2 protein chains.
Amino acid sequence: MTALPRGFSALTANIGIKDASTDVVIIACEQPAAAAGVFTRSRFAGASVEISRAHIANSRAQAMIVISKNANVATGNQGFANAMEIATGVADAVGCDTGDVLVASTGVIGRQYPMDNVRAFLDGLHAPLAGATLEQCATAIMTTDTHAKLATAMVGAVTVAGIAKGVGMIEPDMATLIAVFMTDAALHPDDLDSVFRRVMATTFNAVSIDTDTSTSDTAVIIASGSAGPVAADEFEAALSGVALTLTKMVARDGEGATKLLSVTVTGARNSSQAKRVAKSIVNSPLVKTAVHGADPNWGRVAMAIGKCSDDTDIDPANVSIAFGDQRVFPDQLDLAGLDKLSRYMQHDDVTITCNLGIGDGAFTVYGCDLSDQYIRINADYTT
Amino acid sequence: MTALPRGFSALTANIGIKDASTDVVIIACEQPAAAAGVFTRSRFAGASVEISRAHIANSRAQAMIVISKNANVATGNQGFANAMEIATGVADAVGCDTGDVLVASTGVIGRQYPMDNVRAFLDGLHAPLAGATLEQCATAIMTTDTHAKLATAMVGAVTVAGIAKGVGMIEPDMATLIAVFMTDAALHPDDLDSVFRRVMATTFNAVSIDTDTSTSDTAVIIASGSAGPVAADEFEAALSGVALTLTKMVARDGEGATKLLSVTVTGARNSSQAKRVAKSIVNSPLVKTAVHGADPNWGRVAMAIGKCSDDTDIDPANVSIAFGDQRVFPDQLDLAGLDKLSRYMQHDDVTITCNLGIGDGAFTVYGCDLSDQYIRINADYTT
């Protein structure tokens, strides 16, 4: 069991959102804390995202509530009013401003919360919160996740802790699924914000399970300051490690996934071209199914590069493709080579590397294979 | 059995590209004919596409060879030389210029043709070609298609006939899978070209099975002129009907598909925004799996609209969503409504309509559901 960083307390509960499993977590600081967040760019962003985006604009937060199994999205004015009532209830219990409460929510779209249950829970809520562990917090935010996702790192006396959820409807776009990072480091809010955005760009913003950008993506970090100051570069390295660990956990636990698929594109014009091509590969259903079946059909990677048709500086004559450390293009694999490739693709971790031969831009993205289990999970979700 | 339009003859054969099924078709006109074509924009376009694109640039063609079960893509200079040798062989047999021969090829990527077999076939080839029917032509170009796809229409004395193949790796981008249209109409090449591009834009360029743009997409029309002139608007309507019929056949026969999914977006800023949003819906794995399972999870359509995050004029307050004739958003469906929706989604044809409430742009795209059969087909393709 892992304690939260200093200055944080948390409580988890079941309030009957969908069934009898834990479906709410509240995390609170002893006092207003530096905070940063990135959110979905979806045009159908939920009420929780709208409220959190507004409340974190001053780089300050003291508490956060995460409700799982109902996204409170496409629920209109009633859904917004319900989310505000929840933020106010948390603020009253914790003893802070409503404007210092963040709200996040994932689950089914288009349903109102069961507000009778929610109100009964808020009425009984009071500070100090019970001492929930990081494992309990990570468990409370799960929907169809198969296991809780948490990671921690130390920088001197400072702890960085993160939890995340997310298995489907995942291709974050300048944002992420739901990830909450806590640290007892003391950081200026502006520094915290810039470090956080840089780290998210190469971790949670570099993952795609199924190309479907969630309406509820939320990643926040709250710094209580209880452990004092820290060197910014060391803190960034620690946060990056925690975020990358969680990112890989999310990718590997993609709905129905059996493998972690990492795709690195090098030799690109710049990093955004590298990311675009890498995303095209990691998102290709034909690449994903080939990886699932350990089918040495490397030509599908060529196809996925080729469909970036606006990138007219990509010339097959300059491109090379490798799986693990085995180059497959332009080398012409013989049957022994194809057999070796198939054996590599049976691993739990499959890495594809492409060099475009244009410049020195590079980017790595994370995804997973596509299995019939993904279909079964998603063909019968609400019913 | 359907005869080819006047002025055309065809031959089909097995030349052992992969197995004992028919894998080649040659279609020839009695003399050089007006022709138009659109091709994949893939950066990894195959040798066949490169050659056809060059040969059709003068709006003239006399013969076409389609080889299935090997795409001849990512095969380097050897692959290009092989394709040119095939074009020359066909030209010699038909008695036309090599520059009037079109080549198309689909199947596995990254393998050379078995040229010994190909040469033996070309050596025995001579005009006139045997009288293959339209059904035989359509069958010869199949790979994992479950049935042959052909359609015809008449305009006065003029016949328009089309054949198509394609089940996976299908999201044509300014181009299409493989579709061949034959007509005995006499049309000026410029008119043929503009009519053909307009028709392709709303038919084959409006279909997506799996977001994966093929390296081999080729759609051509050849007009023998044998039936004389025709009114351009009537011809366009007939061609559009044939192309739309084939497009729906392709969508409905998508790998593993059990349903045709049509998505119409109206009320958009313009037709390109309508197409972008419609594609986002028809390509969403979560929408496709919900349609497969008849799960009334309409919120996923809201998600798919929302992820068009650069379309900042989309406001959920102005959006409405319907399945068939049942509006699901912003209406809040009760249990009876959800049950009705689920029953509708069990049909073989599912139509989703979204009004963005912005302008009067509209577009319809065609796709299919995503089933575990798609995974099984594609996890074990080459081996």
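This text follows the structure it describes.
Novice: Which parts of the structure should I look at to understand helix α10 (residues 335–345) of chain B?
Specialist: Helical geometry: 3.6 residues make up each α-helical turn, so side chains three or four residues apart lie on a common side. Residue and element names in this part refer to chain B. Within the span of α10, buried status applies to G337, L338, L341, S342, Y344 and M345. Along the axis of α10, the buried residues cluster in a sector spanning 160°; they form a single face. Counted as exposed and oriented over 90 degrees from the buried face of α10: L335 and A336. Buried residues along α10 sit against α8 (285–293), β10 (320–323), β11 (326–329) and β12 (349–355).

Novice: Would you take a moment to explain the packing of aromatic side chains for this structure?
Specialist: The description of an aromatic ring pair rests on the distance of the ring centres and on the angle between the ring planes. Inspection of the entire model under this criterion finds eight aromatic pairs over all chains. Relative to F196(B), the ring of F181(B) lies with its centre 5.9 Å away and its plane at 75°, an arrangement referred to as edge-to-face. With F181(B) in strand β7 (residues 178–186) and F196(B) in helix α5 (residues 189–202), this pair connects stretches of sequence that are 15 residues apart. Each ring, one from W298(B) and one from F329(B), has its centre 5.8 Å from the other, and the planes form 35°; the classification is tilted. You can see W298(B) sitting in the loop between α8 and α9 (299–306) and its partner F329(B) sitting in strand β11, a full 31 residues away along the chain. Joined through ring pairs, the aromatic side chains of F44(A), W298(B) and F329(B) make up one cluster.

Novice: Is there a simple way to explain the relation of the copies chain A and chain B in this structure?
Specialist: It takes a turn of 180° to lay chain A on chain B, together with a shift of 0.0 Å along the axis; the resulting RMSD is 0.0 Å. Seen this way, the second copy is the image of the first under a two-fold rotation axis. Ranked by how close their C-alpha atoms come to the rotation axis, the residues of chain A are headed by D372(A), at 2.2 Å. Here 100% of the contact residues of chain A are again contact residues in chain B; the copies associate through an equivalent surface.

Novice: Quick question: what am I supposed to make of the state of the cysteines here?
Specialist: Here, the word disulfide means a covalent bond between the sulfur atoms of two cysteines. Going through the model one piece at a time under the given rule, you end up with zero disulfides over all chains. Note on C368(A): no disulfide assigned, nearest cysteine sulfur contributed by C354(A) at a separation of 18 Å. Residue classification places C368(A) among the buried positions, given a relative accessible area of 1%. Residue C308(B) stays outside any disulfide, its sulfur separated by 10 Å from that of C354(B), the closest cysteine. Accessibility expressed as a relative area gives 9% for C308(B), which makes it buried.

Novice: Where do I start with the sheet that holds strand β13 (residues 361–368) of chain B in this structure?
Specialist: Each strand in a sheet pairs with its neighbour through backbone hydrogen bonds, running either in the same direction (parallel) or in the opposite one (antiparallel). All names here are of chain B. Read across the sheet, five strands follow the order β11-β10-β12-β9-β13 without closing on themselves; strand pairing throughout is mixed. Looking at the sheet topology across the chains shown, the edges are occupied by β11 and β13. Taking the axes of each pair of neighbouring strands and ignoring which way they run, one obtains an average angle of 20° across the sheet. In terms of strand pairing, β10 meets β11 through three bridges, oriented antiparallel. The partner of A322 across the bridge, within β11, is R327.

Novice: I'm lost on unusual backbone geometry in this one. Help?
Specialist: The phi angle of most residues is negative, glycine excepted, and most peptide bonds adopt the trans form. Residues and elements named next belong to chain A. Look at the link from A127 to P128: it is a cis peptide, with omega at -5°. Residue placement: P128 occurs in the loop between α3 (115–123) and α4 (134–140). With omega at 10°, the peptide bond leading from F329 into P330 counts as cis. In this fold, P330 is placed in the loop between β11 (326–329) and α10 (335–345). Of note, N72 is a non-glycine position whose phi angle comes to about 50°, a positive value. Position of N72 among the secondary structure elements: in the loop between β3 (60–70) and α2 (76–94). By relative accessible area, which is 0% here, N72 ends up buried.

The rules behind these values
Residues numbered from 1 in each chain as written. Chains lettered and ligands numbered in written order. Predicted model: local features only at pLDDT ≥ 70, side-chain atom pairs only at ≥ 80, totals over all residues. Heavy atoms only, no water. Buried < 20%, exposed > 50% of the residue type's maximum accessible area, 1.4 Å probe, protein only. Helix = DSSP H or I, 4+ residues; strand = E, 2+ residues; numbered from the N terminus. Arc of directions from axis to C-beta. Contact = heavy atoms within 4.5 Å. Phe/Tyr/Trp six-rings, centres within 6.5 Å; stacked < 30°, edge-to-face > 60°. Least-squares fit on C-alpha atoms with pLDDT ≥ 70 in both. Disulfide = S-S within 2.5 Å. Pairing = 2+ DSSP bridges. Axes fitted to C-alpha atoms, helices over the stretch in contact; angles between N-to-C directions.

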